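Architecture and fold: a report
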Amino acid sequence: MSDTVQYNNESRGVSRRRFIAGTGSILGAMTLAGHAAAAPQRSLTAAGPIPTGAHVPVLVIGTGYGGSVTALRLAQAGVDVQMVEMGMAWDTPGSDGKIFANTTSPDYRSFWLRTRTKQPISNFLGFPIDKNVPRYTGILDAEEMGGIIVYQGRGVGGGSLVNGGMAVTPKRENFGAVLPSVNADEMYATYYPRANAGLGVGTVDPTWFDSADCYQYARVGRKQAQRSGFPFVFVPDVYDWDYMEQEAAGSVPKSALAGEILYGNNYGKKSLQKTYLAQAAATGRVTVSPLHKVTSVAPASGGGYTVLIDQINTTGDTTATKTVTADRVFFAAGSVGTSKLLVKLKATGALPGLNDQIGKGWGDNGNVMCGRANHLWDPTGALQASIPCGGIDNWTAGGAFAEVAPLPTGIETFASFYLSITKNPNRAEFSWNAGTGTVGLNWQTAWKQPSIDMAKSIFDKINAKEGTIYRTDLFGTYKIWGDHLTYHPLGGAVLDKATDNYGRLHGHPGLYVIDGALIPGNTSVNPFVTITALAERNIEKIIATDL
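For the structure given in this document, a descriptive report is provided here. Predicted, not measured: the structure shown is a model, and the values here were computed from it.

Right, let's get into the pattern of salt bridges. Across all of its chains, the model carries 20 salt bridges by this definition. Residue Arg504 is joined to Asp546 by a salt bridge in which the shortest nitrogen-to-oxygen separation is 3.0 Å. Remark: Asp546 occurs in helix α11 (residues 528–546) and Arg504 occurs in the loop between β20 (485–486) and β21 (511–513); sequence separation between them is 42 residues. Sharing partners across several salt bridges, the network here consists of Asp96, Asp107 and Arg109.

Right under this line is the structure:
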């Protein structure tokens, strides 16, 4: 039978109205107010351009999970914090009255500086679905590099804007392989609970789940998993579950039930704008400058660091270049952003003291996608909540954990769709190309084969039991596996290798990494709770000892 629990299975019967303490998308990974969530999501932090020549105590590069934790805890400790974010603030509605575009209708808001969409599912019913869009600093970056497309959130709130909100704490027995240099007792007693509380994590009401039309697809996934002997587990999320029930009742504007996920969620999801960043703003000590991109960090002659920043407009053009001095700098630009910047700074001599571990240990969290074609007696529903809330656990036996993910197309597809996280051992490295002045990644698409094999440990068995087949129309012509992407980039500045055991960069006091770049390639589940918890651990130590 299914477990009404968080994924680490340490407590049972968790209500959706109770925050999880002590434990711990499709389109989902693809990514605190209760009833107040009906208001459109807005950036609550003070926003504005940073003036050139400014001197700040702390500069945080990026506003995702690690950066948001850092800003809040430093501000609470009495430190003024300047955050810079390459993306937009996402606080102004478009002509349709919504801040974010719908998943089924991508527009200028949807992609980061592309003239054509690059959707994770590129085909549907045999037809390509990508389309031309105006070049704009949109919310989702589909960065093509080294044989893989890395999907990343762009804007104040980072990846929290575009993921499915699946807030999973790894099983305790798997943690040693995730962060081998970190004390697991401390993480599970203190920092995972702190992260879950700060993120507003909760679990769907299993009774409501069993009757809700919008989760018919997940119930089909549960039934078929259990018939093949696989455990189905309810997975925590940062969606406001009370709000979703009101969506189903028709009493509030629809969000998850309107298919919103891949390009932002207008109402129900508790992104960082509503949690850590809102609390940081309330301190009065945190300022965010959107559309600002850091290009260099180097030691300043008078101490601290000289930071070069390009201010850009919504078509990506540089409108100003600024020089700022910071006593301390926290790299929180995401696994790819942080790694690429550090590799460049080491190779060009701006930060010569960085060690040879910079750029190494990067992984894709074993991401691979697939769809299955069900029989006519197993419809998955025309109405599908875009927020996944369950998964199939075959990690111990087959090296795979699979989200039962939505296909929120608005029509009946008779399809089951999955995003798998697998124990893929392959790791890539970032390197500097002096000829082009760019950073590349040496990932090879062939390195996805272990992920496919591990996912097959689940879906081959289900297909055999159910008499069903794989869909071949989602990722191209006659292509079963979505092996071309990741939603969960991790590594590149690995903890206790490129940094010390708390994220301090070797060779340059006052420089820190505090995001997913610290985690060596795999978390066994969706990674953002672990990124948040590790940031909570590290910043507590840094405040106590360095400040």
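After that view, the rundown keeps rolling.
Moving on to the packing of helix α3 (residues 184–199) against α11. Running from amino to carboxyl end, α3 crosses α11 at an angle of 115°, the nearest separation of the two axes being 8 Å. Put simply, α3 runs roughly perpendicular to α11. Along this stretch, α3 crosses α11, giving a crossing that reads as right-handed. Contacts between α3 and α11 involve Met187, Tyr191, Tyr192, Arg194, Ala195, Asn196 and Leu199 from the first element and Phe528, Val529, Thr530, Thr532, Ala533, Leu534, Glu536, Arg537 and Glu540 from the second. Partitioned by chemical class, the residues of the contact of α3 with α11 number nine nonpolar, three polar and four charged.

A few words now on the side chain of Asn266. Here Asn266 lies in the loop between α6 (241–249) and α7 (276–282). On the basis of relative accessible area, Asn266 is assigned to the buried category, the value being 1%. Within polar-contact distance, the side chain of Asn266 engages the backbone nitrogen of Ile99 at 3.0 Å. Polar contacts involving the side chain of Asn266 include one to the side chain of Glu260, which spans 2.9 Å.

Moving on to the pairing of strand β17 (residues 430–433). Pairing geometry for β17 and strand β18 (residues 438–441), over four bridges, is antiparallel. Bridge pairing in β18 links Ser431 to Gly440. The antiparallel hairpin formed by β17 and β18 contains four residues in its connecting segment, where Gly437 sits at a positive phi of about 70°.

Close contact between helix α1 (residues 65–76) and α11 brings their axes to 8 Å; oriented N to C, the two are set at 35°. Taken as a pair, α1 and α11 cross one another with a handedness that is right-handed. Here Tyr65, Gly66, Val69, Thr70, Arg73 and Leu74 of α1 come into contact with α11, specifically with Phe528, Ile531, Thr532, Ala535, Glu536, Ile539 and Ile543. Taken together, the residues of the contact of α1 with α11 break down into eight nonpolar, three polar and two charged.

We now examine empty space enclosed by the protein. Of the volumes computed, that of the largest cavity is approximately 40 Å³. Contributing to the lining of the largest cavity are Tyr217, Gln384, Val404, Ala405, Leu407, Ala415, Ser416 and Phe417. Contributing elements (two or more residues each) for the lining of the largest cavity: β15 (400–405) and β16 (415–422). Sorting elements by how many residues they give to the lining of the largest cavity places β16 first, with three residues.

So, on to the packing of aromatic side chains. Scanning the entire structure with this criterion turns up 24 aromatic pairs. An angle of 5° between the planes, with centres 4.7 Å apart, marks the rings of Tyr65 and Phe528 as stacked. In this pair, Tyr65 sits in helix α1 while Phe528 sits in helix α11, placing the two residues 463 residues apart along the sequence. Of the two residues, Tyr65 and Phe528, both sit in the buried class. Seen from their ring centres, Trp443 and Trp447 are 5.3 Å apart, and the 80° between their planes marks the pair as edge-to-face. Overall, the relative accessible area of 4% leaves Trp443 in the buried class. In this structure Trp447 comes out as buried when scored by relative accessible area, which is 19%. Connected via pairs of aromatic rings, a cluster forms that spans Trp208, Phe209, Tyr215, Tyr217, Phe232, Phe234, Tyr239 and Trp241. Over the ring of Trp112 we find Arg154, and its NZ or CZ is 5.9 Å from the ring centre. Positioned above the aromatic ring of Phe230, the side-chain terminus of Lys461 is 5.3 Å from the ring centre.

Considering all chains together, one arrives at zero disulfides under this definition. Among the cysteines around Cys214, which has no disulfide bond, Cys389 carries the closest sulfur, lying 8.3 Å off.

Reading across from one edge, β8-β14-β15-β16-β13-β19 is the order of the six strands in this open sheet, with antiparallel pairing throughout. Only two strands of the sheet have a single neighbouring strand rather than two, namely β8 (232–234) and β19 (469–470). Two elements, β15 and β16, share six bridges in a ladder whose sense is antiparallel. Considered in β16, the bridge of Phe401 is made with Ile421. Each of β13 (368–373), β14 (390–394), β15, β16 and β19 touches helix α10 (residues 449–466); the most contacted strand, β13, lies at about 10° to it.

To continue, consider α10. Over its 18 residues, α10 runs 25 Å from end to end, which matches the ideal 26 Å to within 8%, given 1.5 Å per residue. At Lys456, α10 shows its largest bend, some 40°. Following α10 by one or two positions, Gly467 has its phi on the positive side, about 70°.

Rules used in this analysis
- Residues numbered from 1 in each chain as written.
- Predicted model: local features only at pLDDT ≥ 70, side-chain atom pairs only at ≥ 80, totals over all residues.
- Heavy atoms only, no water.
- Salt bridge = Lys/Arg side-chain N within 4 Å of Asp/Glu carboxyl O.
- Helix = DSSP H or I, 4+ residues; strand = E, 2+ residues; numbered from the N terminus.
- Axes fitted to C-alpha atoms, helices over the stretch in contact; angles between N-to-C directions.
- Parallel < 35°, antiparallel > 145°, perpendicular 65-115°, else oblique.
- Left-handed = near helix turned anticlockwise from the far one by under 90°.
- Contact = heavy atoms within 4.5 Å.
- Nonpolar A, V, L, I, M, F, W, Y, C, P; charged D, E, K, R; others polar.
- Buried < 20%, exposed > 50% of the residue type's maximum accessible area, 1.4 Å probe, protein only.
- Polar contact = N/O pair within 3.5 Å; in protein donor to acceptor, adjacent residues only side chain to side chain.
- Pairing = 2+ DSSP bridges.
- 1 Å grid on protein atoms, 1.4 Å probe; cavity = no way out; pocket = protein on both sides within 12 Å on 5 of 7 lines; lining within 4 Å.
- Points joined across faces, edges and corners; volume = space filled by probe spheres on them.
- Phe/Tyr/Trp six-rings, centres within 6.5 Å; stacked < 30°, edge-to-face > 60°.
- Lys NZ or Arg CZ within 6 Å of the ring centre and 35° of its normal.
- Disulfide = S-S within 2.5 Å.
- Expected span 1.5 Å × (residues − 1).
- Bend = angle between axes of the 7 residues up to and from the residue.

These figures capture arrangement, not role.
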